[in-house]
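Listed below, chain by chain, are the residues.
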Amino acid sequence: MDSREIRLKSRPVGVPGPEHFELASVALPAPGPGEVLVRNRFMSVDPYMRGRMYDRPSYVPPFQVGRPLEGGAVGEVVQSNDPSLSPGDLVLSMLGWREAFVAPASALTRLQAIPGVPDQAFLGILGMPGLTAWAGLTQIGEPKAGETLFVSGGAGAVGSAVAQIGKNLGLTVVATAGSDAKCAWLTSVGVDHAINYRSCGSLLDAVRAAAPKGIDIYFDNVGGEHLEVAIECARPFARLVECGMISQYNATEPPPGPRNIIMVVGKSIRMQGFIVTQFAHLQPQFLAQVGGWIAEGRLKWEETVKEGIAAAPEAFIGLFSGANMGKMLVRL
Ligand code: NDP
């Protein structure tokens with residue numbers, strides 16, 4: 001069987017372009033003992049992949065030029081030489097941007113389909129982005145009902161989950177996003193104040209107006225000016241949950257730090273970063289709480305789906321210009 005895959009052609013400097021990726025065809029071997037053949041249905045497209053395009057030490061190894069990009073995918077077992085998996089089983093893999101692959105069954109997670117929930121939700125709200133949102137907010141943000149949460153990247157996969165989890169926990173939620181359509185969606189799912197950061201003028205004035213008494217938690221997906229505004233608006237003992245800083249992922253020079261960082265002292269602010277895998281052990285609690293809210297209609301999600309493996313680079317590049325509402329996916 002043949003499969004196509006997306007490889008890293010060269011390491012981008014600045015914003016990635018189509019020239020940094022190549023589409024290649026490969027002939028798959030027959031699965032050996034303990035191995036399975038999987039055909040992917042959906043591939044996840046994630047901002048953290050940009051970090052893996054740099055050749056530098058990090059919490060995950062860099063992508064190799066000429067090799068396929070690795071990332072989350074949901075697929076169906078076509079052929080199995082392992083008793084743990086059967087044809088038709090739905091599996092989650094981290095083997096990435098390929099239409100199909102052969103791998104040891106032990107490298108895959110068998111998924112239990114949930115009635116009414118599409119398979120690709122395991123790459124979004126019920127997957128890595130959902131766990132990131134839930135764990136970051138509940139474990140690091142330490143929310144208390146009645147507090148005010150500010151979340152940037154509010155209409156993205158992680159941000160939209162954070163905003164709604166915040167509402168379900170009794171918080172007032174202020175969220176930013178890059179278009180009026182994204183803000184309208186956020187308002188429709190209960191966000192108290194949705195700010196279009198591209199058209200609002202002064203972001204500081206807009207957040208101050210939305211949260212006149214200040215913010216207790218900032219869930220950072222963006223960094224840069226958003227982080228400065230959060231520090232400025234933080235109440236004493238605020239928690240800054242440092243999840244990501246997408247505004248800086250393509251920077252060619254070290255970006256300046258928050259100019260008002262000194263305020264973390266006087267306001268006794270706690271600023272803590274995290275990587276979602278540190279909370280893998282909380283998966284059962286996450287699925288129970290978030291799954292419950294989904295079943296009760298108290299948590300919604302959007303997805304932006306590009307068609308076919310050849311569209312994957314465009315989907316990835318689009319993350320940096322806000323081309324997605326909700327989770328960015330490629331259907332295979
Ligand atoms: P999103 O679905 O949020 O997609 C990225 C969004 O970021 C875009 O749609 C765009 O929306 C916004 N954006 C892009 N560039 C800028 C910019 N310069 N300024 C402001 N907003 C920008 O992605 P995810 O939900 O998958 O990820 C969100 C964040 O969480 C990222 O920073 C990611 O790296 C991080 N993350 C961290 C994890 C961890 O373990 N710590 C795990 C998973 C994700 P808009 O139209 O609003 O600009």
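As shown above, the structure is provided for reference.
Residues numbered from 1 in each chain as written. Predicted model: local features only at pLDDT ≥ 70, side-chain atom pairs only at ≥ 80, totals over all residues. Heavy atoms only, no water.

Around the ligand, 27 residues are found, and the nearest of them are Lys182, Tyr197, Tyr249, Val276 and Asn324. A distance of 2.6 Å is found between an oxygen atom of the ligand and a side-chain nitrogen or oxygen belonging to lysine 182. Considered on its own, the ligand offers 910 Å² of accessible surface; in the complex 91% of this is hidden by protein. Mapped by element, the contributors of at least two residues to the shell around the ligand are α2 (128-140) and α3 (157-168). Tallied by class, residues from the shell around the ligand come to 16 nonpolar, nine polar and two charged. When residues of the shell around the ligand are sorted by domain, at least three fall in each of domain 1 (2-120 + 301-331) and domain 2 (128-278). (Near = heavy atom within 4 Å. Polar contact = N/O pair within 3.5 Å; in protein donor to acceptor, adjacent residues only side chain to side chain. Areas by Shrake-Rupley, 256 points an atom, 1.4 Å probe, with all protein chains shown as cover. Helix = DSSP H or I, 4+ residues; strand = E, 2+ residues; numbered from the N terminus. Nonpolar A, V, L, I, M, F, W, Y, C, P; charged D, E, K, R; others polar. Domains from an automatic or database assignment.)

What follows deals with unusual backbone geometry. Unlike most non-glycine residues, glutamate 142 shows phi in positive territory, near 45°. Residue placement: glutamate 142 occurs in the loop between α2 and β8 (148-151). Residue classification places glutamate 142 among the partly exposed residues on the basis of a relative accessible area of 40%. (Buried < 20%, exposed > 50% of the residue type's maximum accessible area, 1.4 Å probe, protein only.)

We now examine the packing of aromatic side chains. In the structure shown here, the tally under the stated rule is seven aromatic pairs. Ring geometry for tryptophan 97 and phenylalanine 316: centres 6.2 Å apart, planes at 70°, overall edge-to-face. Of the two residues, tryptophan 97 is situated in the loop between β5 (90-93) and β6 (100-104) and phenylalanine 316 in helix α9 (residues 312-318); the sequence distance between them amounts to 219 residues. An identical accessibility class is assigned to tryptophan 97 and phenylalanine 316; each is buried. Taken together, Phe21, Trp97, Phe316 and Phe320 form an aromatic cluster joined through their ring pairs. Residue placement shows arginine 56 over the ring face of tyrosine 54; its charged tip is 4.1 Å from the ring centre. (Phe/Tyr/Trp six-rings, centres within 6.5 Å; stacked < 30°, edge-to-face > 60°. Lys NZ or Arg CZ within 6 Å of the ring centre and 35° of its normal.)

These figures come from the coordinates and say nothing about function on their own.
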